[in-house]
Amino acid sequence: MNPLAFLLGPIQFELTQRALVEATLVSVACGVLGVLVVQRGLSFISDALSHCVVPGVVAAFLTHANRELGGTISALIAAWAMLLLRRRGALGSDPSIAVVFTTMFAFGLALISATGSYLNDLTEILFGAILATSPGELLASGAVATVVLAGTVALFWPLVLVSFDPVAARAQGLPVDRIELAFYGLLALAVVSGLVAVGSMLVTGLLIVPATTARILARRVATQMVVSGLIGCVASWIGLYTSYYLRIASGGAIVLAAALIFAVALLAAPRQGIVARLLHRPRRTETVTA
Amino acid sequence: MSARTTAGLHVERLTVMYGPHLALDDACLTCERGQVVGLLGPNGSGKSTLLKAVLGLTRMQNGRITLDGAPLDRRARARIAYTPQRNEVDWSFPITVEEVVVLGRQGLRGLFGRPHRSDWRIAWEALDQLGIGELRRRQIGELSAGQQQRVFIARALAQDGDVLLLDEPLTGVDAQTQTIVLHMLTELRRRGRAVLVTTHDLTLAGEICDCVCLLNTRVIALGAPAHVLTPRALLETFGGDGAVRLLEGMAEIDPPDAAEPRYASGGTPARRSSGSATR
Ligand SMILES: Nc1ncnc2c1ncn2[C@@H]1O[C@H](COP(=O)(O)OP(=O)(O)OP(=O)(O)O)[C@@H](O)[C@H]1O
Ligand SMILES: [Mg+2]
C-alpha cells in the first residue's frame, strides 16, 4: 500500500479523526500525571480507582446519563472511602484499598447484570470502544483529559514539593491536604478520561507504562513528564492505526504499543538500558590486574 | 514574661503529648529578631518537638505561639524557614539540587505560583554560600549525607524567612561546613532574623548564642549563656554523667559564680520526679 494512503486511511472519516484527537489527549494527560503516580508508588491505587468507576458508569448507562460524570462520582466516593478506612481503621493501606475496590466493582457487576443485554455493555465499559462512541461522549472524555493536563501543569511545583517532601510543604504553610486532594482528584479524572479510549481495565496501563518508560529515559521530573506524554501520544497513534487496519480492540492496541515502546527503551536506553549496562560493565580481571 | 513587648517568635506555655507520653511541659521561650537562641538538652528532651510544634507539624495540647505579636496561622508559616534534623524525603525523586532549594520559596509563591527568575538566583546564591554551587544540577539522592544536609540548610536560607528554625545543623557535617554555618548564623543575626537552633555543642552555644535555653521536657533555664551554662543547671538538664562530660568539653567558658540562671518554674530547681529514675 502506498504510505500516504496508509497514513490518511483512518483519518478520512470524521469519526476516526475525533477518536484520534481524543485518544491523544487522554494518553498525553495520563502520561504526564502518571510520572507522579509511578514515583509515589501509587500504581495499585490507580488500578483500584479504575475498578471503582465501574458502578458509576453502569448507573450512567442505565439512566442514559453522562458516563464521565457517573464514573467521576463513583471514583470520588471510592477515594474518600479508602482514605476514611485508612485513617479510622487499624487496617493498612493496601487492604483498605482492596476492600473498597472489589466491593465497588462487584456492585457495578451486580447492577449491570440486572439488565438484559449486559455482556455487550460490560465489554464496552471494561475495554473501551473508541470507534463506537458518540461524538458527545468523545468530547466529554477529551474535556476531562484536558482538565487533568491543565491541572497537573498549573499545580506542578506544589505537586512536586508535596510528593518529594510533604513535611517541608506543611512547614512552609502550604495547604498540603488540599494539594493531596487535588492530586487524587486529578488521578480519578484521569482514570475516567480513559474509559472511552482504553476502558477501565487498561487505563492503568496508560498511567503507568509511559511514565515508567520515561523514568528510564530522563532524569528530571519535568523532562520525564514531557517524555511520558510524548510516549503516550505516539502509543495512541500506533495503537489506533493498528486497531483500524488489523481490526483489533483499540484499548488493547494502544497499551500494547506503549508496552512495546517500554521494551525498546528498556533494551536500548543510553544510560540505564540493558544493552548499555552490558557494554559498560566493568570487567573484574582488568581492574584487578591494573 | 510579656509576649507583646518585642518583635520575634514567642512560645508560651507549650505542652505537647505523644499519646500518654509528655514530650514538652509548659515550655516558654522567646526568640527576638537579631537573636540567635540555642536550644540544648539530652536526646529525647523535646528540642525537635518544640520546633515542630512551632511549625504546626505536631499537635500541641496547650500553648500559644506568636510571631511579632500575631498568632501564627498557616500563611504566616511561609515566613518561618526550617531544616529538620532528619529529612524524610523521597531520595529517589527525580529532582535536582537547585530545584530542591528553589522549592524553599514555594510557600511565598503560593499554591499556583512558579519560581521566578529571581527565585532561581536566590537559590543559586544560597547554594554558593554553602559551598555546593557546582552540585546544583545533580540529583538529590546522588549526594553524600553531608552534602544533602548542606542542601537543606541552603533551602532554609533561600526561603529568606524572618525566623529560622534549624534542628541540629552542625551534626554530621565537616569542620569547613560548620564554619560556614556559624558564619551564616552571625550574618542572619546581623540582618535581624530570629534564629532558633538546636545543638549538642555546648562550646558553640556559649560562643555564638545570645540566649540559651536548657530543655528537658520543661525549660530548666533560659538566659544569656554565661548565666545559664552553670554546672548546676547542666546537672539538672543532663544528669550527672552528661553534665560532667559537657563541662570537660567547655572549660574555656567560666560562668560567673554570682549569677543565677533564670529558672522557668520560678524558685530553685526541684528534683525531677519522673524520668530521672529511668536514667
Ligand atoms: N512521633 C512521635 N511519636 C511518639 N513519641 C515521640 C515522637 N517524636 C518524639 N517522641 C518522643 O518525644 C520525646 C521528645 O522527642 P524529640 O524528638 O523532641 O527529642 P530531641 O530533644 O529532639 O532529641 P534528639 O537530641 O535525640 O534529637 C522523646 O521522648 C520521644 O520519644
Ligand atoms: Mg531532635
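Above this text sits the structure in question.
Keep in mind that what you see is a predicted model, and the values were worked out from it rather than measured.

Here is what the cut-offs are and how they apply
- Starting afresh in each chain, residues are numbered from 1 along the sequence in its written order.
- As they are written, the chains are lettered A onward and the ligands numbered 1 onward, keeping that order.
- Whole-chain, interface and lining totals are the exception, using all residues; otherwise, since this is a predicted model, local features are given only for residues with pLDDT of at least 70 and side-chain atom pairs are given and counted only at 80 or more.
- To get the side-chain values, take all heavy atoms of the structure and skip hydrogens and water.
- The helix count covers DSSP runs of H or I at least four residues long, the strand count covers runs of E at least two residues long, and both are numbered beginning at the N terminus.
- Accessible area is worked out with a 1.4 Å probe on protein chains only. A residue is then buried under 20% of its type maximum, exposed over 50%, and partly exposed in between.
- Contacts are residue-level and defined by heavy atoms, with any inter-residue pair within 4.5 Å sufficient.
- Note on areas: Shrake-Rupley with a 1.4 Å probe; residue coverage comes only from the protein chains shown.
- Here the quantity called buried area is the total loss of accessible area, with a 1.4 Å probe, experienced by two parts when brought into contact, counted for both.
- Should a side-chain nitrogen of Lys or Arg be within 4 Å of a carboxyl oxygen of Asp or Glu, the pair is scored as a salt bridge.
- We define a polar contact as two N or O atoms separated by no more than 3.5 Å, with the added condition that, inside protein, one atom must be a possible hydrogen donor and the other a possible acceptor, whereas residues neighbouring each other in sequence contribute only through side-chain atom pairs.
- Ring pairs are drawn from Phe, Tyr and Trp, using the six-membered ring of Trp, whenever the two centres fall within 6.5 Å, and their geometry is named by plane angle: stacked under 30 degrees, edge-to-face over 60, tilted for the rest.
- The rule for a charge over a ring is simple: NZ of Lys or CZ of Arg within 6 Å of the ring centre, and within 35 degrees of the ring normal.
- For Na, K and Ca the donor cut-off is 3.2 Å, and for all other metals it is 2.8 Å, counting N, O and S atoms only; because water is absent from this set, sites may look incomplete.
- Between the N-to-C directions of two axes lies an angle of 0 to 180 degrees, each axis being a line fitted to C-alpha atoms and, for a helix, fitted only over the stretch in contact.
- Each angle receives one of four descriptions, namely roughly parallel if under 35 degrees, roughly antiparallel if over 145, roughly perpendicular if within 65 to 115, and oblique otherwise.
- Each crossing gets its hand from how the near helix is turned against the far one by less than a right angle, where anticlockwise is left-handed and clockwise is right-handed.
- For this classification, Asp, Glu, Lys and Arg are treated as charged, while Ala, Val, Leu, Ile, Met, Phe, Trp, Tyr, Cys and Pro are nonpolar and the rest, including Gly, are polar.
- Being paired, for any two strands, means DSSP has found at least two bridges between them.
- One heavy atom suffices: a residue is near a molecule or strand as soon as one of its heavy atoms comes within 4 Å of it.

1. Brief notes about the overall build of chain B
Each helix and strand counted, chain B has nine helices and 10 strands in total. Per-residue burial over chain B gives 53% buried out of 279 residues. Within chain B, counting contacts between residues at least 6 apart in sequence, those at least 24 apart form 67% of the total. When the accessible surface of chain B is totalled, it reaches about 12,400 Å², and 50% of it is carbon and sulfur.

2. Considerations on the interface of chain A and chain B
Listed per partner, the contact involves 27 residues of chain A and 38 residues of chain B. On the chain A side of the interface with chain B, the three residues burying the most area are Trp157, Phe164 and Gln172 of chain A, jointly 30% of the side's total. Viewed at the interface, chain B and chain A are joined by four salt bridges. The salt bridge involving Arg220 of chain A is made with Glu98 of chain B; its shortest N-O contact spans 3.9 Å. Scanning the region where chain A abuts chain B turns up 13 residue pairs in polar contact (both at pLDDT 80 or more).

3. Brief notes about the side chain of Arg155 of chain B
Along the chain, the position of Arg155 of chain B falls in helix H5 (residues 145–159). You can call Arg155 of chain B buried: its relative accessible area is 4%.

4. Let's talk about the environment of Val147 of chain A
Residues and elements named next belong to chain A. Considering the arrangement of structural elements, one finds Val147 in helix H7 (residues 135–154). Placed 145 residues apart in sequence, Val147 and Asn2 show a C-alpha to C-alpha distance of 38 Å. In this structure, Val147 is in contact with Leu186 and Leu189, ignoring residues within four places of it in sequence.

5. Here we look at the packing of aromatic side chains
Scanning all chains against the criterion turns up eight aromatic pairs over all chains. Judged by centre distance (5.2 Å) and plane angle (80°), the ring pair of Phe156 of chain A and Trp157 of chain A falls under edge-to-face. Each member of the pair Phe156 of chain A and Trp157 of chain A is classed as buried. Measuring from centroid to centroid gives 5.9 Å for Phe164 of chain A and Phe93 of chain B, while their planes differ by 55°, and the two rings are tilted. Of the two residues, Phe164 of chain A is situated in helix H8 (residues 156–164) and Phe93 of chain B in the loop between strand S6 (80–83) and helix H2 (97–102); the pairing between them involves two chains. Of the residues examined, Phe164 of chain A reaches a relative accessible area of 1% and is grouped as buried. Linked through ring pairs, Phe156 and Trp157 of chain A together with Trp120 and Trp124 of chain B together constitute an aromatic cluster. Over the ring of Trp124 of chain B we find Arg136 of chain B; its NZ or CZ atom is 4.7 Å from the centre of that ring.

6. What to know about the coordination of the magnesium ion (ligand 2)
Residues and elements named next belong to chain B. Protein ligation of the magnesium ion (ligand 2) involves Ser48 (OG) and Gln85 (OE1), the donor distances falling in the range 1.9 to 2.1 Å. Taken as a pair, Ser48 in helix H1 (residues 47–54) and Gln85 in the loop between S6 and H2 lie far apart in primary sequence, 37 residues in all. Judged by its relative accessible area of 16%, Ser48 falls in the buried class. Of the residues examined, Gln85 reaches a relative accessible area of 42% and is grouped as partly exposed.

7. Some details on the packing of H7 of chain A against helix H10 (residues 176–193) of chain A
For any two helices packed against each other, one specifies the inter-axial angle together with the distance between the axes. Residues and elements named next belong to chain A. Interhelical geometry of H7 versus H10 gives an angle of 150° and a closest axis separation of 8 Å. Here H10 runs roughly antiparallel to H7, going by the angle between their axes. Considering how the two elements wind past one another, H7 and H10 form a crossing that is left-handed. Taken together, the residues of H10 that come into contact with H7 (itself represented by Ser141, Val144, Ala145, Val147, Val148, Gly151 and Thr152) are Leu186, Leu189, Ala190 and Ser193. Residue composition of the contact of H7 with H10, grouped by class: seven nonpolar, four polar and no charged.

8. Observations regarding the sheet that holds strand S9 (residues 211–216) of chain B
Residue and element names in this part refer to chain B. Spatially, S6-S7-S8-S3-S9-S10 is the arrangement adopted by the six strands of the open sheet, whose pairing is mixed. Taken across any chain shown, the strands that pair with only one partner, and hence form the sheet edges, are S6 and strand S10 (218–223). Within the sheet, the average angular offset between the axes of one strand and its neighbour, ignoring direction, is 15°. Sheet analysis places strand S7 (residues 163–167) next to strand S8 (residues 194–198), joined by five bridges and oriented parallel. Residue pairing across strands places Val163 opposite Ala194, the latter belonging to S8. The strands that H5 touches are S6 and S7; relative to S6, the one it contacts most, it runs at about 180°.

9. Details of the pairing of strand S3 (residues 35–40) of chain B
If a strand is regular, its side chains alternate between the two faces of the sheet. Residue and element names in this part refer to chain B. The buried fraction of S3 is high, at six of six residues. Two elements, S3 and S9, share four bridges in a ladder whose sense is parallel. Bridging across to S9, Val37 finds its partner in Cys211.

10. Brief notes about the site of ligand 1
Residues and elements named next belong to chain B. Residues in contact with ligand 1 amount to 14 residues; listed here are only the nearest, Asn43, Gly44, Lys47, Ser48 and Thr49. Between ligand 1 and the protein, one listed contact pairs an oxygen atom with a backbone N or O atom of Gly44 at 2.8 Å. The separation between an oxygen atom of ligand 1 and a polar side-chain atom of Thr49 is 2.5 Å. The set of elements that each furnish at least two residues to the shell around ligand 1 consists of strand S2 (21–32) and H1. Ranked by the residues each element gives to the shell around ligand 1, the list is headed by H1, at three residues. Here the shell around ligand 1 is built from residues that sort into three nonpolar, nine polar and two charged.

Any link to function would need more than the numbers given here.
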